[in-house]
Amino acid sequence: MGRDYVFDEDILPHLVSSFFDHQIDETDPQWVELQTRLRNDKEARRYYAECAVMQAQVAWVFSNELETGAPVVLPSRNPRGFTWLLTGSTVLLLSACVLFYFISSPDSRPIVARVMDLVKVTWREEAISWSRNQGVSAGDQIRLQHGLLELELNSGVRVIIEGPASLELVSSDEIWLEQGRVFAKVPEKARGFSIRTPTSRAVDLGTEFGVFVDEQQATDVHVVKGMVDAELLDREGRKLDSRRLSQNKAAQFTSAIKEIPCRTTDFVKHLQYEKVVKEAEPFIRLTFDLIQNGVVPNQVDDRYHAKISFAEPQSGQGENKFLTFSSSDPEGHEGTGQYLQIDSLGDLFSGDFTFELWVRPHQVHRATLFRVFPLDPGLNSSNGSVIELMDYSAVNPRGLRFLLRNSRFNPQDKETNLHTRQPYEPGRWHHIVGVRTNDRLKLYQDGKLLVQDECLQRIDQETGLIIGRHLPPDNMLSVHRDYLGDLDEMLIYRRALSDSEIRTHSLLYQTAQ
């Protein structure tokens, strides 16, 4: 053959030889193994194609009737595969075409999509590194380790891929998704677009939908808009069952079809930070781009504005400003009086909630990023629920803390106190998220869940909020824990953000700067 192949202790040559010698057919497990190998291994397809050409050439020389009698299996770009029974000169001609199709350079294959955008992308080892505006050809594989990638197919379909993911572009109307998470927005003209997985095929009927394939190859299909015809497939791509899923419906495809809750927030639908944040519907958003008469306005409501205790704190340029907390004491002592406060939030934290903020500490120190405190004058206002930077832990001197106490803020009652083992880094922006959901308390840093624990208590008292300090200066106690550093945004939600939403916000934040 024209190329040297190295298949050390590999069964592929045996499978190909057995196939052409009529020793295996569609009823044999080795036939299935060969089909799977050709579908997933580019070098195996090259080897097979050259064997097919050689087979046809031998048949031409030794048979005047030009009959080989051997079926030739063409590994389709559709991973389902198909079988043609061919003879004579047709085999020779078609085998040459197969060889050209599979071995020709990528430039000779039709471009079916283009890379529109990438966000903090890393590629799997030995995978192609794609770049913005680069064309993607039919048969090209995308192996994304981390980050977000947006493609526009020639059909007009837009897909957003979240790593880790492995997929192949079959055509401008079909994607083979081996593993990972993909969201597709399909215009009417591209009706019929499909995403095929090891266990299913989702065919668009004018939709926005998401598909997720886990490591065990179970497939979840979630419909955001419109309808999808979803099929359960066996290993050979034969349909076993089907469901038509309408808006806000979802199903899981394994050995059977099972209805599941539709979780549209698990998929990235935009690569623009502002759109993503707006879609998440925060209850309070403080951006610090505008400060009026000592007040930082809430960007999503005409209530719950924050009063600021110090003048000219803004840093940054243009419309992307952030708040800087600094100490007038060159040694960084506490008690300088820099903080923000929202006097009353009512019972905002009586149910599930999420705190989200971007901080850049100037140094390693113990500091309160925010504290929720009771408004009832009969309660001890020094107690409360906090997210803090830490500087004294023997396990990790630079971790985070998320403490949630019950509604009465009594230190003797049950509380949930989380500490992370991953350090924060002074001088670097960190995305910090605290979530209370169902019976769990969770703490995230830079898009990753670091620690969680059971949390049965709820904050059902009316509360206020202080940012950048544990207590205001007029409090008689000396526990202040001033934050020294920068704060870009703070958001509060009346629900628990999903893991996917938190990862997305963390990835997209820097694109907005």
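The shown structure was predicted, so the numbers you read here are calculated from the model rather than taken from an experiment.

Colleague: What am I meant to see in the side chain of His 430 here?
Modeller: Structurally, the position occupied by His 430 is in strand E27 (residues 430-437). At a separation of 2.8 Å, a polar atom in the side chain of His 430 contacts the main-chain amide nitrogen of Glu 425. Beyond its immediate chain neighbours, meaning those up to four positions away, His 430 contacts Leu 357, Trp 358, Val 359, Pro 361, Tyr 424, Glu 425, Gln 445 and Asp 446.

Colleague: I keep staring at empty space enclosed by the protein and nothing clicks. Help me out?
Modeller: To find the voids left in a structure, one rolls a probe of water-molecule size over its atoms. For the structure on display, the rule yields four cavities of 30 Å³ or more. When its volume is computed, the largest cavity comes out at roughly 60 Å³. Lining the largest cavity are ten residues, and of these Gln 141, Arg 143, Glu 168, Trp 176 and Glu 178 sit closest to its centre. Looking at the lining of the largest cavity, the elements with two or more residues in it are helix H2 (29-40), strand E5 (141-153), strand E6 (158-171) and strand E7 (174-185). When the residues that make up the lining of the largest cavity are grouped by side-chain class, the tally is three nonpolar, three polar and four charged.

Colleague: Is there a simple way to think about the pairing of strand E15 (residues 257-260) in this case?
Modeller: Across a regular strand the side chains alternate sides, sitting on one face of the sheet and then on the other. Strand direction decides the pairing type here: strand E14 (residues 250-253) and E15, joined by four bridges, are antiparallel. Note on E15: the bridge partner recorded for Phe 253 is Ile 257. What sits between E14 and E15 in their antiparallel hairpin is a turn of three residues.

Colleague: What's the story with the layout of surface pockets in this structure? I'm lost.
Modeller: A volume near 580 Å³ is recorded for the largest pocket. Taken together, 28 residues make up the lining of the largest pocket; nearest its centre are His 146, Asp 446, Gly 447, Lys 448 and Leu 507. In terms of residue count, the dominant contributor to the lining of the largest pocket is helix H6 (residues 499-509) (four residues). Counted by class, the lining of the largest pocket contains seven nonpolar, 13 polar and eight charged residues.

Colleague: Which parts of the structure should I look at to understand the environment of Val 203?
Modeller: Structurally, the position occupied by Val 203 is in strand E9 (residues 200-204). What makes Val 203 partly exposed here is its relative accessible area of 23%. As a C-alpha pair, Val 203 and Met 227 span 24 residues in sequence and 8.9 Å in three-dimensional space. For Val 203, the residues in contact, after removing those within four places along its chain, are Gly 192, Phe 193, Ser 194, Val 228 and Asp 229.

Colleague: Looking at this structure, I do not really get the pairing of strand E29 (residues 448-454). What am I missing?
Modeller: As judged from the six bridges shared by strand E28 (residues 440-445) and E29, these two strands associate in the antiparallel manner. For Arg 440, the partnering residue across the bridge sits in E29 and is Glu 454. Between E28 and E29, which follow one another and run antiparallel, lie two residues, and Asp 446 among them has a positive phi close to 55°.

Colleague: What is the right way to look at unusual backbone geometry in this model?
Modeller: Negative phi values dominate among residues other than glycine, just as trans dominates among peptide bonds. Here the residue pair Gly 163 and Pro 164 is connected by a cis peptide bond, since its omega of 5° sits within 30 degrees of zero. Position of Pro 164 among the secondary structure elements: in strand E6. Although it is not a glycine, Phe 288 sits at a positive phi angle of roughly 70°. One can find Phe 288 in the loop between strand E16 (284-286) and strand E17 (295-296).

Colleague: Explain helix H5 (residues 273-280) here, please?
Modeller: Because an α-helix packs 3.6 residues into every turn, residues spaced three or four apart end up facing the same way. For H5, every residue scored as buried is listed here: Tyr 273, Val 276, Val 277 and Ala 280. Summarising the axial view, the buried residues of H5 lie within an arc of 95°, below the 170-degree limit, and thus occupy one face. Looking at the packing, one finds that the buried side of H5 touches E16, strand E22 (353-361), strand E31 (485-493) and H6. In the stretch just after H5, Glu 281 is the one whose phi turns positive, near 55°.

Colleague: Looking at this structure, I do not really get helix H1 (residues 12-20). What am I missing?
Modeller: By the burial criterion, the buried members of H1 are Leu 12, Leu 15, Val 16, Ser 18, Phe 19 and Phe 20. Remark: His 22 follows H1 within two positions and exhibits a positive phi of approximately 65°.

Colleague: Is there a simple way to think about the environment of Asp 347 in this case?
Modeller: Take Asp 347: it is sitting in the loop between strand E21 (340-342) and E22. Taking the C-alpha atoms as reference points, Asp 347 and Glu 462, separated by 115 residues in sequence, lie 4.8 Å from one another. If near-sequence neighbours (up to four positions away) are discounted, Asp 347 is found in contact with Gln 461 and Arg 494.

Colleague: Would you mind showing me how to read the nonpolar core here?
Modeller: The tendency in soluble globular proteins is for nonpolar side chains to be buried as a group. Membership of the largest hydrophobic core comes to 43 residues, with the highest contact counts inside it found for Ile 284, Leu 340, Phe 349, Phe 355, Phe 370 and Leu 465. Excluding its chain neighbours within four sequence positions, the residues that come into contact with Leu 465 are Leu 340, Gln 341, Ile 342, Leu 345, Phe 355, Phe 370, Arg 371, Val 372, Phe 373, Met 490 and Ile 492. Listed in part, the 41 residues of the second largest apolar core include Val 136, Val 157, Leu 177 and Val 228.

Colleague: Honestly, the pattern of salt bridges in this entry has me stumped. Any pointers?
Modeller: Two side chains with opposite charge may pair up if their charged atoms get near one another. Under the criterion given, the structure shown has 29 salt bridges. In this structure, the salt-bridge partner of Asp 486 is Arg 360, at a minimum N-O distance of 3.0 Å. With Asp 486 in strand E31 and Arg 360 in strand E22, this residue pair connects regions lying 126 residues apart in the sequence. Judged by its relative accessible area of 21%, Arg 360 falls in the partly exposed class. The structure contains a network of salt bridges with shared partners spanning Arg 366, Glu 388, Arg 401 and Arg 481.

Conventions and cut-offs
- Residues numbered from 1 in each chain as written.
- Predicted model: local features only at pLDDT ≥ 70, side-chain atom pairs only at ≥ 80, totals over all residues.
- Heavy atoms only, no water.
- Helix = DSSP H or I, 4+ residues; strand = E, 2+ residues; numbered from the N terminus.
- Polar contact = N/O pair within 3.5 Å; in protein donor to acceptor, adjacent residues only side chain to side chain.
- Contact = heavy atoms within 4.5 Å.
- 1 Å grid on protein atoms, 1.4 Å probe; cavity = no way out; pocket = protein on both sides within 12 Å on 5 of 7 lines; lining within 4 Å.
- Points joined across faces, edges and corners; volume = space filled by probe spheres on them.
- Nonpolar A, V, L, I, M, F, W, Y, C, P; charged D, E, K, R; others polar.
- Pairing = 2+ DSSP bridges.
- Buried < 20%, exposed > 50% of the residue type's maximum accessible area, 1.4 Å probe, protein only.
- Arc of directions from axis to C-beta.
- Core = buried A, V, L, I, M, F, W, Y, C linked by side-chain atoms within 4.5 Å.
- Salt bridge = Lys/Arg side-chain N within 4 Å of Asp/Glu carboxyl O.

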